[in-house]
Amino acid sequence: MIDERTLLAPWTGYEAEPGTWPGGKTLAFWLAPNIEYYEIDPAPNLVRAPWPRPCPDLQNWSWRDYGNRVGVWRCLELFDRHGLKGSVSLNSAMCRHFPDIVQAFVDRGWELFCHGQYNTRYLFGRSPGEEREDLASACREIENFCGTRVRGLLAPALTYTETTLESAAACGIDYVFDLCMADAVVPLRLPATTLLAIPYSIELNDFFAVVAGGLSATTYVDRFRTQFDQLMAESARQAKVVGLPLHPYLIGMPQYIWALDRMLAHVRQHDGVWCTRARDIADHVWRQVLPDTSHP
Amino acid sequence: MTAYPDQSWFDVRTLRPDRVPRPAPRFAPGCRAAIHLAVCLEAYPLGARPPFPVPGALDRPHPDLANWSQRKVALREGLARIEALLEDVGIGVSFVVQSQALDELSGFLPLLRDPRHAIVAGGAHAAALHSTFADAEAEMLAIHAVLERLRGGLGVPVEAWRSPSGVHSRHTFAVLARAGVRAVLDLNNDELPFAIKTEAGTLQALPWQHFSSDLHCLGVCKQPVRDFLNDLSEGIAWLIREAPAAGPRVLTLPVHPWIIGAPHRFRPFAQALRAWAQTPGVEFVNVRSLLAAAEPDGRPA
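Enquirer: Teacher, can you tell me more about the overall build of chain A here?
Expert: Along the backbone of chain A there are ten helices and nine strands. Here the C-alpha radius of gyration of chain A, 18 Å, is about what a compact globule of 296 residues would show, namely 19 Å. Along the first, second and third principal axes, the C-alpha set of chain A runs to 55 × 45 × 35 Å. For chain A, the residues scored as buried account for 52% of the 296 residues in total. The contacts in chain A between residues at least 6 apart in sequence include a share of 76% that link residues at least 24 apart.

Enquirer: Please clarify how the overall build of chain B should be interpreted in this entry.
Expert: A tally of regular secondary structure across chain B gives ten helices and nine strands. Here the C-alpha radius of gyration of chain B, 19 Å, is about what a compact globule of 301 residues would show, namely 19 Å. Counting only C-alpha atoms, chain B reaches 55 × 45 × 35 Å along its principal axes. Relative to its full complement of 301 residues, chain B shows a buried share of 49%. Partitioning the intrachain contacts of chain B with sequence separation of at least 6 by distance along the chain shows that 78% fall at a separation of at least 24.

Enquirer: In this structure, what is going on with helix H10 (residues 278–289) of chain A? I would like to understand it.
Expert: Each full turn of the α-helix corresponds to 3.6 residues, which orients residues three or four apart in the same direction. Residue and element names in this part refer to chain A. Here H10 spans 16 Å end to end across twelve residues, near enough to the 16 Å set by a 1.5 Å rise per residue. Residues of H10 that are buried include every one of Ala278, Arg279, Ile281, Ala282 and Val285, and no others. The buried residues of H10 occupy an angular sector of 165° when projected down its axis, which confines them to one face.

Enquirer: Is there a simple way to explain the confidence of the model for chain B in this structure?
Expert: Close inspection of predicted coordinates is inappropriate for parts of the model with low pLDDT. Mean pLDDT over chain B stands at 93; residues scoring 70 or higher make up 93%. Quick note on the complex model: pTM equals 0.96, ipTM equals 0.95.

Enquirer: How should I be thinking about the nonpolar core in this particular structure?
Expert: Side chains of nonpolar character tend, in soluble globular proteins, to be buried together. Core analysis: the largest hydrophobic core is formed by 184 residues, its most contacted members being A:Ile198, B:Ile35, B:Val39, B:Leu41, B:Val97, B:Val120 and B:Val184. Ranked by residue count, the leading element in this core is helix H1 (residues 58–81) of chain A, at nine residues. Residue contacts for B:Ile35: discarding those within four places in its chain leaves B:Ile236, B:Leu251, B:Leu253, B:Trp276, B:Val282 and B:Phe284.

Enquirer: Would you explain the packing of helix H7 (residues 217–234) of chain A against helix H7 (residues 225–246) of chain B in this entry?
Expert: If you want to describe how two helices pack, look at the angle between their axes and the distance between the axes. In contact at an axis separation of 7 Å, H7(A) and H7(B) are set at 90° when each is read in the N-to-C sense. Classified by the angle between their axes, H7(A) and H7(B) sit roughly perpendicular to one another. Between H7(A) and H7(B), the contacting residues are A:Ala217, A:Thr218 and A:Thr219 on the first element and B:Asp227, B:Asn230, B:Asp231 and B:Glu234 on the second. Residues of the contact of H7(A) with H7(B), tallied by class, amount to one nonpolar, three polar and three charged.

Enquirer: Please clarify how the environment of B:Arg149 should be interpreted in this entry.
Expert: Residue and element names in this part refer to chain B. Counting through the fold element by element, Arg149 comes out in helix H4 (residues 136–154). Under the C-beta neighbour-count criterion, Arg149 is labelled partly exposed, with 19 such atoms within 10 Å. Sequence separation between Arg149 and Leu102 is 47 residues, and the spatial gap between their C-alpha atoms is 8.5 Å. Those residues in contact with Arg149 that sit more than four places away from it in its chain are Ser99 and Leu102.

Enquirer: Please clarify how the pairing of strand E8 (residues 240–246) of chain A should be interpreted in this entry.
Expert: The two faces of a sheet get side chains in turn, since along a regular strand they alternate between them. Residues and elements named next belong to chain A. Most of E8 is tucked away: seven of the seven residues are buried. Residues Lys240, Val242, Leu244 and Leu246 of E8 are buried on one face, and the alternating residues Val241, Gly243 and Pro245, pointing to the opposite face, are buried as well. As paired strands, strand E1 (residues 27–35) and E8 are joined by seven bridges and run parallel to one another. For Ala32, the partnering residue across the bridge sits in E8 and is Pro245.

Enquirer: Sorry if this is basic, but what is going on with the interface of chain B and chain A here?
Expert: It is common to give the size of an interface as the accessible area that goes away when the parts come together. Across the contact, 39 residues belong to chain B and 30 residues belong to chain A. The element that contributes the greatest number of residues to the side of chain B that touches chain A is H7(B), accounting for nine residues. In terms of residue class, the side of chain B that touches chain A is made up of 16 nonpolar, twelve polar and eleven charged.

Enquirer: For this particular structure, what's the right way to read the pairing of E1(A)?
Expert: Residues and elements named next belong to chain A. Of all the nine residues making up E1, nine are buried; the element is thus mostly covered by neighbouring parts of the structure. Side chains of E1 alternate between two faces, with Leu27, Phe29, Leu31, Pro33 and Ile35 and Ala28, Trp30, Ala32 and Asn34 buried alike. Of the pairings in the sheet, the one linking E1 to strand E9 (residues 273–276) comprises four bridges and is parallel in character. The partner of Trp30 across the bridge, within E9, is Thr276. Bridging between E1 and strand E2 (residues 87–90) involves two bridges; their strand directions are parallel. Note that in E2 the partner of Asn34 across the bridge is Ser89.

What counts and what doesn't
- Residues numbered from 1 in each chain as written.
- Chains lettered and ligands numbered in written order.
- Predicted model: local features only at pLDDT ≥ 70, side-chain atom pairs only at ≥ 80, totals over all residues.
- Helix = DSSP H or I, 4+ residues; strand = E, 2+ residues; numbered from the N terminus.
- Rg over C-alpha atoms; globule rule 2.2 N^0.38 Å.
- Buried ≥ 20, exposed ≤ 12 C-beta atoms within 10 Å, placed from the backbone.
- Contact = placed C-beta atoms within 7 Å.
- Expected span 1.5 Å × (residues − 1).
- Arc of directions from axis to C-beta.
- pLDDT = per-residue confidence, 0-100.
- Core = buried A, V, L, I, M, F, W, Y, C linked by C-beta atoms within 7 Å.
- Axes fitted to C-alpha atoms, helices over the stretch in contact; angles between N-to-C directions.
- Parallel < 35°, antiparallel > 145°, perpendicular 65-115°, else oblique.
- Nonpolar A, V, L, I, M, F, W, Y, C, P; charged D, E, K, R; others polar.
- Pairing = 2+ DSSP bridges.

Given below as structure tokens:
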């Protein structure tokens, strides 16, 4: 269960946190494309309807399908051009339905972390046992595909229960992306262990910025550059993290892809930036900052 | 691989640049980006409310005269501005016409019958959602009524179908195939035409993109119009740069004259459209030319 009093230690100032990342870099940047599979007619969930319209909600479903048919390839070409690799937020069912896409990321050295099984199968309403089995099954499917242990979790469609963090730890997860309180890595104190909360930069998420927030691509680029520059300046006092959560069904559209190009070019202009994967951020923190802390 | 209903519809599920297992559409020589401008001419009956929210629907207490009359701009001055612009720029477009709107379009019949343009059936009216039909037979009767009204009223072929407000029943595609419809603009999932299978035959899915439309970007997301147009201009430039490796793609731009035809939006839109039309490599297409490019021998690719 979540203990709000102990999960997060009070903030004690910039100086209490690590000073730099490897190589003397001060700002870590990581890409987080959400590679998702949406079922057209999923089993109902009592808490949240998967689609806003009656089945078949082709308008919304087919847009998600665009990400896997078209957008992801456009994004990959752009990531390659900028020489960047990051961490894939992966619905494990993608390994069955679109293995070419998952393999393309594996071939390029990207990390795969768990984003549940399907983006239409939520954790809301699951019992602790069901939730643990859902997450374990998703991690197994990804590990069987890529041969590497899964260590990170972003809950599917940002859905949770009171036990999600403990279930994640029980599955061997040692870092999560679901908490939005900081631009630096924060330890999460669970009763039996510790997890890391790695910044996912929710307000830079293309879906939250463009769809929920109504930004044009033009203003989305401006938001990204402004946030990046502010954190670059603050990173002189405390090592900071910028995550860039993306959805190829949105950012892969012609009218938005150019914005991503401008953002990545902005990142590449700065010498003090460590372009990395979430796994490498976690490794650095566990080894250099919290070497004596027990974790999964 | 587990078979899910959606996966049984498609033979082709990727536009991976190095592995496109489908015949490439035959666009005009030199085409690097095909812009499909789809002008949506909709009817919003004052007393008709959709059973769930859809973009553009009347959403204030009855009688919602303000919204109802604003939607009428699409069938009056908004369309007149677009007509003049199309004449000036000299491009062909698709008109997505709802059968109940036809009653108010008598002044625009020469425009709709102009052979440069193509007609898409848009259903009966914006709140006539296909999720509400009791069964496939009721849906078939409604589809037939729409097609007959449009064919009779316009006297030109109806070349494709777009479901009202992008809403469907579980039977819509099969019923459309049974009704003899050749192509649909109901899926937002591709930038090239592709065939979809139904129990009653094959349909050609022509690219649609609600999430590029003025209805979504300006009406729902409230983007500034100049940002919206700048984003599209950047997107077109991107497609042009991409085309030598990926081939020409279709950028579908659905517009609603009650939105884009408002004077303060229309002026920058007209400037942008003129600029796009003068851009080397840009070709304007409509459903007829798209079908000809996708089905050079008259059969689904």
